[in-house]
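The chain contents come next:
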Amino acid sequence: QVQLVESGGGLVQPGGSLRLSCAASGFTFSTYYVSWYRQAPGKEREFVAGITWSGGRTAYGASVKGRFTISRDNAKNTVYLQMNSLKPEDTAVFYCNVRLGANEYWGQGTQVTVSS
């Protein structure tokens, strides 16, 4: 079955960096667009970044553009999110997402907390 497993979250000071990973299994990873979303307490889930199957095209939410970078390694079935210049408002649970036809899949999420 389709599985998405996020890792790499944690507590970081403002201005710091983290790299999140999303390990995928159960489908042909190298042929699908993969996205990162996040959800802060009391807020709706929002799009963070997305990457095409080849990695040739990426997209970012306005609040993270220029600070976050999405990438993928199809040989490892893994998508990464490099987060730099982190701000307290980046605090959220970060989720990996993939749409396979009419079905949408989410990982369990990884908590990112930006605080001094």
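Below is a summary of the structure that appears in this document.

### Some details on the overall build of the protein chain
A count of helical and extended segments in the protein chain gives 0 helices and 11 strands. Here the C-alpha coordinates of the protein chain stretch approximately 40 × 25 × 20 Å along the principal axes. The burial tally for the protein chain puts 41% of its 116 residues in the buried class. Of all intrachain contacts in the protein chain linking residues separated by at least 6 positions in sequence, the fraction that spans at least 24 positions is 51%. When the accessible area of the protein chain is evaluated, it comes to approximately 6,100 Å², of which 47% is carbon and sulfur surface. Both charge centroids of the protein chain, one from 11 positive and one from 7 negative side chains, sit 6 Å from each other.

### Some thoughts on the sheet that holds strand S7 (residues 68–73)
What the 4 strands build is an open sheet, ordered S1-S3-S8-S7; its pairing is antiparallel. Every interior strand has two partners, whereas the edge strands, strand S1 (3–7) and S7, have only one. Along the sheet, successive strands turn relative to each other by an average axial angle of 15°, direction set aside. In terms of strand pairing, S7 meets strand S8 (residues 78–83) through 6 bridges, oriented antiparallel. For Ile-70, the partnering residue across the bridge sits in S8 and is Leu-81.

### Let's talk about the nonpolar core
Residues Trp-36, Leu-81, Met-83 and Phe-94 are the most contacted members of the largest nonpolar core, which totals 29 residues. When contributions to this core are tallied by element, the ones reaching two or more residues are strand S3 (18–25), strand S4 (34–39), strand S5 (46–51), S7, S8, strand S9 (92–100) and strand S11 (110–114). Take this core: its biggest share by element is 5 residues, from S9. Among all residues touching Met-83, those that are not within four sequence positions of it are Gly-16, Ser-17, Leu-18, Leu-20, Arg-67, Phe-68, Phe-94 and Val-112.

What counts and how
Residues numbered from 1 in each chain as written. Predicted model: local features only at pLDDT ≥ 70, side-chain atom pairs only at ≥ 80, totals over all residues. Heavy atoms only, no water. Helix = DSSP H or I, 4+ residues; strand = E, 2+ residues; numbered from the N terminus. Buried < 20%, exposed > 50% of the residue type's maximum accessible area, 1.4 Å probe, protein only. Contact = heavy atoms within 4.5 Å. Areas by Shrake-Rupley, 256 points an atom, 1.4 Å probe, with all protein chains shown as cover. Lys, Arg positive; Asp, Glu negative; His and termini not counted. Charge placed at Lys NZ, Arg CZ, Asp CG, Glu CD. Pairing = 2+ DSSP bridges. Axes fitted to C-alpha atoms, helices over the stretch in contact; angles between N-to-C directions. Core = buried A, V, L, I, M, F, W, Y, C linked by side-chain atoms within 4.5 Å.

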